[in-house]
Amino acid sequence: MNQVTASTTPDKAFPVSWDQFHRDCRALTWRLNEAGPFHAVVAITRGGLVPAAIVARELGVRVIDTVCIASYDHTNQSKLMVLKGISDATAQLGGGTGKGLLIVDDLVDTGATARVVRAMIPDAHFATVYAKPLGKPLVDTFITEVSQDTWIYFPWDLGLAFAPPLRDGAA
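Residues numbered from 1 in each chain as written. Predicted model: local features only at pLDDT ≥ 70, side-chain atom pairs only at ≥ 80, totals over all residues. Heavy atoms only, no water.

A.B. asks: Is there a simple way to explain the environment of Val16 in this structure?
C.D. replies: Along the chain, Val16 turns up in the loop between strand 1 (12-15) and helix 1 (18-33). Residues Val16 and Trp156 lie 140 residues apart in sequence; the distance between their C-alpha atoms is 9.4 Å. Setting aside its immediate chain neighbours within four residues, Val16 contacts Phe21, Tyr130, Ile152, Tyr153, Phe154, Pro155 and Leu158. (Helix = DSSP H or I, 4+ residues; strand = E, 2+ residues; numbered from the N terminus. Contact = heavy atoms within 4.5 Å.)

A.B. asks: Where do I start with the packing of aromatic side chains in this structure?
C.D. replies: The geometry of an aromatic ring pair is captured by the separation of the ring centres together with the interplanar angle, meaning the angle of the planes. Using the criterion set out here, one finds seven aromatic pairs in the structure. Seen from their ring centres, Phe154 and Trp156 are 5.0 Å apart, and the 5 degrees between their planes marks the pair as stacked. Residue Trp156 is classed as partly exposed on the basis of its relative accessible area of 32%. Aromatic ring contacts, followed pair by pair, group Phe14, Trp18, Phe21, Tyr130, Phe154 and Trp156 into a single cluster. (Phe/Tyr/Trp six-rings, centres within 6.5 Å; stacked < 30°, edge-to-face > 60°. Buried < 20%, exposed > 50% of the residue type's maximum accessible area, 1.4 Å probe, protein only.)

A.B. asks: Quick question: what am I supposed to make of the pairing of strand 2 (residues 40-45) here?
C.D. replies: Regular strands show a simple pattern: their side chains alternate between the two faces of the sheet. In terms of residue burial, strand 2 counts as a mostly covered element, since six of its six residues are buried. Burial of strand 2 is two-sided: the residues Ala40, Val42 and Ile44 facing one way and the residues Val41, Ala43 and Thr45 facing the other way are all buried.

A.B. asks: Explain the confidence of the model for the protein chain to me, please; I cannot follow it from the model alone.
C.D. replies: For any part of a model where pLDDT is low, the fine detail of the predicted coordinates should not be relied upon. Chain-level statistics for the protein chain give a pLDDT mean of 89 and a share of 88% at 70 or above. Note on residues 1-8: pLDDT is under 50 here. Beyond four places in sequence and across chains, it has 21 contacts. (pLDDT = per-residue confidence, 0-100.)

A.B. asks: I tried to follow the pattern of salt bridges on my own but got confused; where do I start?
C.D. replies: Here the idea is simple: oppositely charged side chains can pair when their charged atoms come close. Evaluation of the coordinates by the stated rule reveals seven salt bridges. With a shortest N-O distance of 3.1 Å, Asp65 and Lys84 are connected by a salt bridge. Here Asp65, found in strand 3 (residues 64-73), pairs with Lys84, found in strand 4 (residues 76-84); they are 19 residues apart in sequence, far enough to count as distant. The shortest N-O distance in the salt bridge between Lys132 and Asp109 comes to 3.5 Å. (Salt bridge = Lys/Arg side-chain N within 4 Å of Asp/Glu carboxyl O.)

A.B. asks: Just checking my understanding: could you explain helix 1 for this structure?
C.D. replies: Under the 1.5 Å per step criterion, the end-to-end length of helix 1 is 22 Å for 16 residues, consistent within 8% with the ideal 22 Å. Of all the residues in helix 1, the buried ones are Phe21, Asp24, Cys25, Ala27, Leu28, Thr29 and Leu32. Along its buried surface, helix 1 packs onto helix 2 (49-59), strand 5 (101-108), strand 6 (125-131) and strand 7 (141-145). (Expected span 1.5 Å × (residues − 1).)

A.B. asks: Where do I start with the packing of helix 1 against helix 2 in this structure?
C.D. replies: The relative placement of two packed helices is expressed as an angle between their axes plus a distance between the axes. Running from amino to carboxyl end, helix 1 crosses helix 2 at an angle of 50 degrees, the nearest separation of the two axes being 9 Å. Taken together, helix 1 and helix 2 sit at an angle that is classed as oblique. In this structure, the crossing between helix 1 and helix 2 has a hand that is right-handed. Of the residues in helix 2, those in contact with Trp18, Phe21, His22, Cys25, Arg26, Leu28, Thr29, Leu32 and Asn33 of helix 1 are Val50, Pro51, Ile54, Val55, Glu58 and Leu59. (Axes fitted to C-alpha atoms, helices over the stretch in contact; angles between N-to-C directions. Parallel < 35°, antiparallel > 145°, perpendicular 65-115°, else oblique. Left-handed = near helix turned anticlockwise from the far one by under 90°.)

A.B. asks: Please explain the pairing of strand 6 as it appears in this structure.
C.D. replies: Counting buried residues along strand 6, seven of its seven residues qualify, which places the element largely inside the surrounding structure. For strand 5 and strand 6, the ladder comprises six bridges, and the chain directions are parallel. Following the sheet pairing, Asp105 is matched in strand 6 by Thr128. Viewed along the sheet, the connection from strand 5 through helix 4 (residues 112-120) into strand 6 turns out right-handed. In this structure, strand 6 lies alongside strand 7, joined through four bridges in parallel fashion. By the bridge assignment for strand 7, Tyr130 is matched with Thr144. (Pairing = 2+ DSSP bridges. Right-handed = clockwise from strand over helix to strand, strands pointing away.)

A.B. asks: In this structure, what is going on with the nonpolar core? I would like to understand it.
C.D. replies: General note: in soluble globular proteins, nonpolar side chains tend to be found buried as a group. Phe21, Leu28, Leu32, Val41, Leu102, Tyr130 and Ile152 are the most contacted members of the largest nonpolar core, which totals 24 residues. Going through the elements one at a time, helix 1, strand 2, helix 2, strand 5 and strand 6 are the ones with two or more residues in this core. At five residues, helix 1 tops the list of elements feeding residues into this core. The residues touching Leu32, leaving out its near neighbours within four places in the chain, are Phe38, Val55, Leu59, Leu102, His125, Ala127 and Thr141. In terms of nonpolar packing, the next biggest core, distinct from the first, is built from 17 residues, Ile44, Ile86, Ile121 and Leu138 among them. (Core = buried A, V, L, I, M, F, W, Y, C linked by side-chain atoms within 4.5 Å.)

Below, the structure is given as structure tokens:
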């Protein structure tokens, strides 16, 4: 399990800028364009909100729903809590099994969240921007694989700051 606490740092860091994230989301959409059409996009919150908006726009999908799951408290992964499932209206679009629905998340890490959402809508197409080895078998489409010991710093978690050179111990 990838955890970062105040007393530890990740083995590897992968900071992602807004520009890079947008390019990666559009690349994901290019792959998804041939997997559709989709009746609706289901974003896994909160990390899936931004990529879901980009993907939905690029695919021309107007129905966007959310599955709200809490699994991280900043950088510590904890027990999963389903805070909100998909709406009945969205479930009906997928015939109750998810067929024709597109699940979008920013990352599949250990696969714990993906398993929960897959159980809700097993026939949906599951797409993430980034995938780690433990979670990768649970997604249908992704763009970039990163190692399990890499912590991805998403643009909404970053601010502008000085970055020391790698030779000086920067992550």
